[in-house]
Amino acid sequence: QVQLVESGGGLVQPGGSLRLSCVTSGSGFSIDVMGWYRQAPGKQREAVAIITSDGYTNLADSVKGRFTISRDNAKNTVYLQIDSLKVEDTAVYYCNADITFWGTLGTYSYWGQGTQVTVSS
C-alpha cells in the first residue's frame, strides 16, 4: 500500500522559512515525478514545483527564487525549502508522486493528506 505523508508546515511570519518533507512509504514500485502543490482558501489547487527521478526541476513563476525542491531517492522523500515567505503563500501544501509498480506499465498518481502553511504577522 502506498502512502504519502507530509510534514513541516506551520505558522511563520512574513520573510520566514519552512522546510516541508514528504515521505512515500510502501514497496514494489518506482517513483518518477514528485511534486508539491498548494491550495489556498477559495482557490483551485495549483502546482508549485516538480522534480523528476534524475533531478530535473520546474517551479511556478510565483515561487522561483524563493522555493527549492529536492529529493532523496534512497528515502523516497521529496523536500520543499520555502524562503522569504509571503502572506499569499498561505495554503495547504500537498505532495504528489507518480508511481509505477514493478511488472506493470501503468503510472498512478498518489497524494498526501496535506500540510498547512500559514504566513502571518
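Our structure is the block above this text.
(A) Looking closely at the nonpolar core. Core analysis: the largest hydrophobic core is formed by 29 residues, its most contacted members being Trp36, Val48, Phe67, Ile69, Val78, Leu80 and Tyr93. The dominant element in this core, judged by the number of residues it contributes, is strand β9 (residues 91-101), at 5 residues. Here Tyr93 is in contact with Glu6, Leu20, Trp36, Tyr37, Arg38, Val48, Phe67, Leu80, Ile82, Gly114, Thr115 and Val117, once residues within four sequence places are set aside.

(B) Representation of the state of the cysteines. Tallied over the entire structure, the rule returns 1 disulfide. What pairs with Cys22 in a disulfide is Cys95, and their sulfur atoms sit 2.1 Å apart. Where Cys22 bonds to Cys95 through sulfur, the torsion about that S-S bond is close to -80°, and the disulfide is left-handed. In this pair, Cys22 is assigned in strand β3 (residues 18-25) and Cys95 in strand β9, connecting sequence segments 73 residues apart.

(C) Representation of the pattern of salt bridges in the model. Scanning the model with the defined rule gives 4 salt bridges in all. Measuring nitrogen to oxygen at the nearest pair gives 2.7 Å for the salt bridge that ties Arg66 to Asp89. You can see Arg66 sitting in the loop between β6 (57-59) and β7 (67-72) and its partner Asp89 sitting in the loop between β8 (77-82) and β9, a full 23 residues away along the chain. In terms of burial, Arg66 and Asp89 fall into one category: buried.

(D) Here's a closer look at the packing of aromatic side chains. In the structure shown here, the tally under the stated rule is 4 aromatic pairs. A centroid spacing of 4.9 Å and a plane angle of 65° characterise the contact between Tyr37 and Trp111, whose relative ring orientation is edge-to-face. Here the residue Tyr37 occupies a position in strand β4 (residues 29-39), and Trp111 occupies one in strand β10 (residues 107-111), the gap between them amounting to 74 residues. Here Tyr37 falls in the partly exposed class, since its relative accessible area comes to 21%. By relative accessible area, Trp111 is classed as partly exposed at 38%. Note on Phe101 and Tyr110: the rings are 6.4 Å apart at their centroids and 75° apart in plane angle, and the pair reads as edge-to-face. With a relative accessible area of 23%, Phe101 lands in the partly exposed category. Judged by its relative accessible area of 25%, Tyr110 is partly exposed. Put simply, the rings of Phe29, Phe101, Tyr108 and Tyr110 pair up and form one aromatic cluster. The ring of Tyr94 has Arg45 lying over it, and the distance from NZ or CZ to the ring centre is 3.7 Å.

Analysis parameters
- Residues numbered from 1 in each chain as written.
- Predicted model: local features only at pLDDT ≥ 70, side-chain atom pairs only at ≥ 80, totals over all residues.
- Heavy atoms only, no water.
- Core = buried A, V, L, I, M, F, W, Y, C linked by side-chain atoms within 4.5 Å.
- Buried < 20%, exposed > 50% of the residue type's maximum accessible area, 1.4 Å probe, protein only.
- Helix = DSSP H or I, 4+ residues; strand = E, 2+ residues; numbered from the N terminus.
- Contact = heavy atoms within 4.5 Å.
- Disulfide = S-S within 2.5 Å.
- Salt bridge = Lys/Arg side-chain N within 4 Å of Asp/Glu carboxyl O.
- Phe/Tyr/Trp six-rings, centres within 6.5 Å; stacked < 30°, edge-to-face > 60°.
- Lys NZ or Arg CZ within 6 Å of the ring centre and 35° of its normal.

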